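Below are the chains, spelled out letter by letter.
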Amino acid sequence: MYRKLLDRCLVKLVRRGSLLVLWPDGSRTEYGGSEGFKAGIRLKDNEAVKGLALNPGLAVGEAYMNETLIPLNCSIHDVLCVMMDNLRDITLPNMRIAQTLGRLLRPVLQANNAIRAKTNVAHHYDLNGRLYSLFLDRDRQYSCAYFTSDEVTLEEAQLAKKRHIAAKLKLDRPDLEVLDIGCGWGGMALTLAKEFGAKVTGITLSEEQLAAARARAKQEGLEDRVNFELIDYRAMDRQFDRVVSVGMFEHVGAPNYETFFRTVKSCLKPDGVALIHSIGRFDGPGATNPWIAKYIFPGGYSPALSEVLGPVEKAGLRTTDIEILRLHYAKTLAHWRRRFAANRDTIASLYDERFCRMFEFYLSGSELTFRLSDHMNFQIQLVRQQEALKLTRDYMYDTERRAAQLASAAE
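Residues numbered from 1 in each chain as written. Predicted model: local features only at pLDDT ≥ 70, side-chain atom pairs only at ≥ 80, totals over all residues. Heavy atoms only, no water.

**Section: the sheet that holds strand 11 (residues 375-383)**
We count it as follows: Strands qualify as paired when DSSP identifies two bridges or more between them. Numbering of helices and strands runs from the N terminus, with a helix taken as a DSSP run of H or I at least four residues long and a strand as a DSSP run of E at least two residues long. Note on geometry: axes are C-alpha line fits, over the in-contact stretch for helices, and angles between N-to-C directions span 0 to 180 degrees. Residue contacts follow a heavy-atom distance rule, with two residues in contact if any of their heavy atoms lie within 4.5 Å.
An order of 7-6-5-8-9-11-10 is seen for the seven strands of this open sheet, with the pairing classed as mixed. The strands lining the two open edges of the sheet, one partner per strand, are strand 7 (226-230) and strand 10 (318-325). Taking the axes of each pair of neighbouring strands and ignoring which way they run, one obtains an average angle of 15 degrees across the sheet. Bridge count for strand 6 (residues 199-204) against strand 7 is five bridges, and the pairing is parallel. Looking at the pairing, Thr 204 lines up with Leu 230 of strand 7. Of the strands in this sheet, strand 6 and strand 7 touch helix 11 (residues 207-219), which is tilted by about 165 degrees from strand 7. This element, helix 14 (residues 305-315), spans strand 9 (268-281), strand 10 and strand 11 of the sheet and lies at about 15 degrees to strand 11.

So this is what it looks like as structure tokens:
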């Protein structure tokens, strides 16, 4: 029964490219056959067939992790290319049911209070610190880079991202106090201090990241300018000249958006400026992929802009600039995926093969979500008073160019 159901789904799905399926009984079926991506899979048992038929959004990743779905003469990236290229045109009924259920359960799945938020963060960010050094850039920027051309390195693109964000913060005088919500391993805070003379307070819920960030500040002699704290954003009760958040808003959860932006407003001085950098989606409100929610980012959600601007308005903030970064994260993830593959043996020694397959699936699926599906990144600049910023965007470009020139002259 489940094989027939999965067969009907694949007949309907695969219209571009081709997908060869080797079934548990040894028989073969090829779907599609036109120009496009090509891949093959072997399904080892009927449980894998059942899972793919009933809930493919969860089961594809689980079956690959458990080696009950094995790519045939190709990689899991090739398999996902076929699937996601075709999913641009069609949503299968079994996937539509899962997406509807995911949207209905958002108030429960994304009820990220302070205790649950810390648990969710620990699930992904308190892994062995060496893991991230093996596939991220040297600064360990774990968010979308900014590619000014196809030729720049990942390190150059991540530095460009930080300068791009700094320019939007209008750090036009020394000693401006900056709050970095979700500071990661400290790279953004340290750059704002070194290159722009800011005094930065970085906050995180990850104990692993906190220890690394504090060690970096001490190593670079910036302890007097950069301070890192283990604190939930909702507990911050001080005011700053600037507020920045990069790659953290995806963990807030839709039920908490208004609280988040009210916190941003309360932390901003009257003439302050805030910049929020987040993953988003083009096609309107949706639901987090169930495999991602279970294995990678529990409680996480990438919102549509229509879900963000309402809470911004209710919080009493003024939106002064919105930029959409198209395909930049696809490029970033492609770099991470290649670096992960180059260091796979070392990563397997830190964890195991199942963990490696989980991360391979995560990196490939995420890259293709930005390349072939509806995900993008957005940056929203916010103020309390319209007069806080100049009337044109020229100051942003001038700041970026000046920062690059000063850095080049110092080398």
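Structure shown, so let's carry the discussion forward.
**Focus: the pairing of strand 8 (residues 240-246)**
Every other side chain in a regular strand lies on the same face of the sheet, so the side chains alternate between the two faces. As a reminder of what qualifies: For every residue, the accessible area obtained with a 1.4 Å probe (protein chains only) is divided by the maximum for its type, and the residue is called buried under 20%, exposed over 50%, and partly exposed between those limits. By definition, the crossover connecting two strands over a helix is right-handed if that path, from the first strand to the second, turns clockwise as seen with the strands pointing away from the viewer.
Of all seven residues in strand 8, seven are buried; the element is thus mostly enclosed. By the bridge criterion, three bridges tie strand 5 (residues 177-181) to strand 8 in an arrangement that is parallel. In the strand pairing of strand 8, Leu 179 is matched with Val 243. Two elements, strand 8 and strand 9, share six bridges in a ladder whose sense is parallel. Residue pairing for strand 9: Phe 240 is matched across the bridge by Leu 268. Traced from strand 8 through helix 12 (residues 257-267) to strand 9, the parallel crossover comes out right-handed.

**A few points about the packing of aromatic side chains**
Under the convention used in this document: Paired rings are identified among Phe, Tyr and Trp, the last through its six-membered ring, by centres lying within 6.5 Å, and are further divided according to the angle between planes into stacked (under 30 degrees), edge-to-face (over 60) and tilted (the rest).
Inspection of the entire model under this criterion finds 24 aromatic pairs. With a centroid separation of 4.6 Å and 25 degrees between ring planes, the pair formed by Phe 249 and Tyr 257 is classed as stacked. For Phe 249, a relative accessible area of 0% puts it in the buried group.

**Examining empty space enclosed by the protein**
Condition: Cavities and pockets were defined on a 1 Å grid built over protein atoms only: a cavity is a set of grid points that admits a 1.4 Å probe from which the probe cannot escape, a pocket is an open set flanked by protein on both sides within 12 Å along at least five of seven lines, and lining residues are those with an atom within 4 Å of any such point. Grid points are joined across faces, edges and corners, and a volume is the space filled by probe spheres set on the points. Gly falls in the polar group here, along with every residue not listed as nonpolar (Ala, Val, Leu, Ile, Met, Phe, Trp, Tyr, Cys, Pro) or charged (Asp, Glu, Lys, Arg).
Under the definition given, this model contains one cavity of 30 Å³ or more. Each pocket or cavity is described by its volume, and for the largest cavity that value is around 510 Å³. What lines the largest cavity is a set of 32 residues, among which Gly 182, Cys 183, Gly 184, Gly 247 and Met 248 lie closest to the centre. The set of elements that each furnish at least two residues to the lining of the largest cavity consists of helix 7 (114-125), strand 5, helix 10 (187-196) and strand 6. Among the elements that make up the lining of the largest cavity, the one with the highest residue count is helix 7 (four residues). Its residues assigned to classes, the lining of the largest cavity shows 16 nonpolar, 12 polar and four charged.

**A word on the sheet that holds strand 2 (residues 28-32)**
On the basis of which strands lie adjacent, the open sheet formed by four strands has the order 2-1-3-4 and mixed pairing. Two strands lie at the open edges of the sheet, namely strand 2 and strand 4 (69-71), each paired on one side alone. Taken pair by pair, the neighbouring strands of this sheet meet at an average axis angle of 25 degrees, ignoring direction. When strand 1 (residues 18-22) meets strand 2, the two strands line up antiparallel, connected through five bridges. Each bridged residue has a counterpart across the sheet, and for Val 21 the counterpart in strand 2 is Thr 29. Contacts from helix 4 (residues 76-87) reach strand 1, strand 3 (38-43) and strand 4, with the element oriented near 110 degrees to strand 3.

**Thoughts on unusual backbone geometry**
Not every positive phi belongs to a glycine, and Glu 67 is a case in point at roughly 60 degrees. Looking at the secondary structure, you find Glu 67 in the loop between helix 3 (56-65) and strand 4. For Glu 67, a relative accessible area of 39% gives the class partly exposed. Residues other than glycine seldom take positive phi values, yet Lys 170 does so here, at roughly 55 degrees. Turning to its location among the elements, Lys 170 is positioned in the loop between helix 9 (154-169) and strand 5.

**With respect to the nonpolar core**
The tendency in soluble globular proteins is for nonpolar side chains to be buried as a group. Which entries qualify depends on this criterion: We define the nonpolar core as a collection of buried residues of types Ala, Val, Leu, Ile, Met, Phe, Trp, Tyr and Cys that are connected through side-chain atoms lying within 4.5 Å of one another.
Core analysis: the biggest nonpolar cluster contains 71 residues, and Tyr 142, Trp 291 and Phe 359 have the highest contact counts within it. A per-element tally of this core places helix 17 (residues 353-372) first, with 10 residues. If we skip the residues at most four places from it in the chain, Tyr 142 touches His 124, Tyr 125, Tyr 132, Phe 135, Leu 136, Trp 185, Phe 297, Tyr 329, Trp 336, Phe 359 and Tyr 362. Residues Tyr 233, Phe 260, Val 312 and Phe 378 belong to the second largest nonpolar core, which totals 27 residues.

**Side note on helix 12**
Since the α-helix advances by 3.6 residues per turn, residues separated by three or four positions end up pointing in the same direction. The condition is simple: Think of it as the arc spanned by the lines of direction from the helix axis to the C-beta atoms.
Every buried residue of helix 12 is accounted for by Tyr 257, Phe 260, Phe 261, Thr 263, Val 264 and Cys 267. Down the axis of helix 12, the sector holding all buried residues measures 150 degrees, keeping them to one side. Its buried side turned inward, helix 12 meets strand 5, strand 8, strand 9, helix 14 and strand 11.

**Observations regarding the packing of helix 1 (residues 2-13) against helix 2 (residues 46-54)**
We count it as follows: Here the word oblique covers every angle except those under 35 degrees (roughly parallel), over 145 (roughly antiparallel) and from 65 to 115 (roughly perpendicular). It is the rotation of the near helix from the far one that decides the hand of a crossing: anticlockwise by less than a right angle makes it left-handed, clockwise makes it right-handed.
It is the contact of helix 1 with helix 2, at a shortest axis distance of 8 Å, that shows an interaxial angle of 50 degrees. What the angle tells us is that helix 1 and helix 2 run oblique. Considering the relative orientation of helix 1 and helix 2, their crossing is left-handed. Residues Tyr 2, Arg 3, Leu 5 and Leu 6 of helix 1 touch helix 2, and the partners they reach there are Val 49, Lys 50, Leu 52, Ala 53 and Leu 54. Here the contact of helix 1 with helix 2 is built from residues that sort into seven nonpolar, no polar and two charged.

**Points about the pattern of salt bridges**
Note the following rule: A pair is scored as a salt bridge if a Lys or Arg side-chain nitrogen falls within 4 Å of a carboxyl oxygen belonging to Asp or Glu.
Considering all chains together, one arrives at 27 salt bridges under this definition. Here Lys 294 and Glu 62 are joined by a salt bridge, their closest N and O atoms 2.8 Å apart. Taken as a pair, Lys 294 in helix 13 (residues 290-295) and Glu 62 in helix 3 lie far apart in primary sequence, 232 residues in all. Residue classification places Lys 294 among the partly exposed residues on the basis of a relative accessible area of 46%. Judged by its relative accessible area of 17%, Glu 62 falls in the buried class. A salt bridge links Arg 238 to Glu 229, with the shortest nitrogen-to-oxygen separation between them at 3.7 Å. By relative accessible area, which is 35% here, Arg 238 ends up partly exposed.

Purely geometric numbers; function is a separate question.
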